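# Observations on chain architecture
Read off the chains here:
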Amino acid sequence: MSQILKKYDLDHLAIATVASHTALQILRGAKKYGFRTIAVARGEETARFYRQFSFIDEVWTADFSNFRKAAEKLASSNAVLIPHGSYVEYVGWRQALEAPVPTLGCRELLRWEADQFKKMSLLEKAGIPIPKVYRSAEEAEGPVIVKLFGAKGGRGYFVARNREELARKLASVSEPYIVQEYLFGVPAYYHYFASPVYSRVEIFGADIRYESNVDGRTFGWAEPTFVVVGNLPLVLRESLLPRIQDYGERFAKAVEEMVGCRMAGPYCLESIIKDDMSIVVFEFSGRIVAGTNIYMGYGSPYSVLYFDRPMDMGERIAHEIREAAKSGKLEHLFT
């Protein structure tokens, strides 16, 4: 990727992403900073929606089962790619690792993100509190949650109150999964930005996911499910921020030590905060998360602490790319 970047015209960079998830804020932020913008859609119906926005210069359709062609076209268009959850799910981590286009962040982390057990080992290596993990129904104690591998937005997740219920429900699961201790408390998802330009990890925001059947008005009539339909803004108790900052920095260090590349750009730690104010992290996303959409257009409440003005995550990404291009640090952002 460094060889591709050396051939790029840095005065005419394009920022591209898949037309879904956080594409609107990514491309809006890119255009605000003067970049050419490209959205890559899975079909014409999706493409038609994105073409209505003046801040998107080009909207392509592509065959996501063979994403290499689109990646080659992006590279020939002087573009860098911003990965997000839909990119990981639609393209798959194997194609994402091989796509011949400069990709923001630690690309190898996508392989770890696709495996729930590797995810937990990375968090544990970072010294971050995690829930108990069970390898079988026989090991499980008390209520548990079962999660499928990959970026599925909660699809297919379910809870079980005991070993018997867990064994019965697992009998119909055909995809790879992990069984975790079910934690009691409130969910909180922390948005970070790892900045090679400024040599720091920034706390950029927080959200709560709004999940079907868990948060919907089912009144005990439907089985709890965890499909994410939206996100709600969250401002944290200030006394929690030093610990959340520490966890974000620990995670970035563990990625460098275990995965072998430096964090660059947005990522997220997903947690439960218990009533004793302890924080247990049950998941991470090694790229931008949809929860950052909550402050699109008016900026995160924490961005003003670093820049003395509000900035959303799309703008923050564009700001980093612009400053990296000026200072010769683009290779620190893209893999």
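Residues numbered from 1 in each chain as written. Predicted model: local features only at pLDDT ≥ 70, side-chain atom pairs only at ≥ 80, totals over all residues. Heavy atoms only, no water.

## Here's the deal with helix H8 (residues 116-125)
- What H8 keeps buried is the set Gln116, Lys119, Met120, Leu122 and Leu123. Taken end-on, H8 shows its buried residues confined to a sector of 160 degrees, consistent with a single buried face.
- Between a side-chain oxygen at the N-terminus of H8 and the backbone nitrogen of phenylalanine 117 the separation is 2.9 Å; the capping residue is aspartate 115.
- Just downstream of H8, glycine 127 is the residue with a positive phi angle, here 80 degrees. (Buried < 20%, exposed > 50% of the residue type's maximum accessible area, 1.4 Å probe, protein only. Helix = DSSP H or I, 4+ residues; strand = E, 2+ residues; numbered from the N terminus. Arc of directions from axis to C-beta. Polar contact = N/O pair within 3.5 Å; in protein donor to acceptor, adjacent residues only side chain to side chain.)

## A few points about unusual backbone geometry
- For asparagine 213, which is not glycine, the phi dihedral falls at a positive 70 degrees.
- Along the chain, the position of asparagine 213 falls in the loop between strand S10 (200-211) and strand S11 (228-233).
- Residue methionine 277 is not a glycine yet carries a positive backbone phi of 70 degrees.
- Residue placement: methionine 277 occurs in the loop between strand S12 (265-273) and strand S13 (279-285).

## Things to note about the sheet that holds strand S7 (residues 158-160)
- The 4 strands are arranged S5-S8-S6-S7 in an open sheet whose pairing can be described as antiparallel. Every other strand in the sheet has two partners, leaving strand S5 (133-134) and S7 as the edge strands with one partner each.
- The sheet contact formed by strand S6 (residues 144-148) and S7 spans 3 bridges and is antiparallel. Note on S7: the bridge partner recorded for isoleucine 145 is valine 159.
- Along the sheet, H8 makes contact with S5, S6 and strand S8 (177-181), crossing S8 at roughly 45 degrees.
- Against the sheet, helix H9 (residues 163-170) contacts S6, S7 and S8, and its axis sits at roughly 145 degrees relative to S7. (Pairing = 2+ DSSP bridges. Contact = heavy atoms within 4.5 Å. Axes fitted to C-alpha atoms, helices over the stretch in contact; angles between N-to-C directions.)

## A closer look at the pattern of salt bridges
- All told, the structure shown has 21 salt bridges when counted by the stated rule.
- Where lysine 169 meets glutamate 165, a salt bridge forms, and the shortest distance between an N and an O atom there is 2.9 Å. Taken together, the residues span about one helical turn, with lysine 169 and glutamate 165 both in helix H9 at a distance of 4 residues. As far as burial versus exposure is concerned, lysine 169 and glutamate 165 are alike and both buried.
- A salt bridge links glutamate 202 to arginine 316, with the shortest nitrogen-to-oxygen separation between them at 2.9 Å. Separated by 114 residues along the polypeptide, glutamate 202 in strand S10 and arginine 316 in helix H12 (residues 313-327) bring together distant segments of the chain.
- Here glutamate 202 falls in the buried class, since its relative accessible area comes to 0%.
- Note on arginine 316: relative accessible area 0%, which makes it buried.
- Among the charged side chains, a salt-bridge network with shared partners connects Arg28, Lys32, Asp312 and Glu315. (Salt bridge = Lys/Arg side-chain N within 4 Å of Asp/Glu carboxyl O.)

## Things to note about the domain arrangement of the protein
- Annotation of the protein at the domain level lists domain 1 (1-103), domain 2 (113-130 + 184-332) and domain 3 (133-181).
- Centre-to-centre, using C-alpha coordinates, domain 1 lies 22 Å away from domain 2.
- Between domain 1 and domain 2, the contact holds 24 residues from the first and 23 residues from the second.
- Interface area for domain 1 against domain 2, summed over the two sides, is near 1,900 Å², with a carbon-plus-sulfur share of 69%.
- Viewed at the interface, domain 2 and domain 1 are joined by 3 salt bridges.
- Across the pair arginine 28 and aspartate 312 runs a salt bridge whose closest N-O atoms are separated by 3.3 Å. (Domains from an automatic or database assignment. Buried area = accessible area lost by both parts, 1.4 Å probe.)

## Describing the side chain of serine 195
- Take serine 195: it is sitting in strand S9 (residues 186-195).
- We classify serine 195 as buried; its relative accessible area is 3%.
- Once residues lying within four places of it in the same chain are set aside, the contact partners of serine 195 are Arg200, Glu202, Arg316 and Glu320.

## Concerning the nonpolar core
- In this structure, Phe67, Leu74, Ile317 and Ile321 are the most contacted members of the largest nonpolar core, which totals 60 residues.
- Both domains that furnish three or more residues to this core are identified here as domain 1 (1-103) and domain 2 (113-130 + 184-332).
- Not counting the four nearest positions on each side in its chain, phenylalanine 67 is found in contact with Val40, Leu81, Tyr87, Val91, Gln95 and Ala99.
- Within the second largest apolar cluster, 35 residues are counted, among which are Met120, Tyr190, Leu240 and Phe284. (Core = buried A, V, L, I, M, F, W, Y, C linked by side-chain atoms within 4.5 Å.)

## As for the packing of helix H2 (residues 23-32) against H12
- Taken N-terminus to C-terminus, the directions of H2 and H12 make an angle of 45 degrees; their axes are 7 Å apart at the nearest point. Taken together, the axis directions place H2 and H12 in an arrangement best described as oblique. With respect to the hand of their crossing, H2 and H12 are arranged in right-handed fashion. Contact residues: Gln25, Ile26, Arg28, Gly29, Ala30 and Lys32 in H2; Met313, Gly314, Glu315, Ile317 and Ala318 in H12.
- Here the residues of the contact of H2 with H12 sort into 5 nonpolar, 3 polar and 3 charged. (Parallel < 35°, antiparallel > 145°, perpendicular 65-115°, else oblique. Left-handed = near helix turned anticlockwise from the far one by under 90°. Nonpolar A, V, L, I, M, F, W, Y, C, P; charged D, E, K, R; others polar.)

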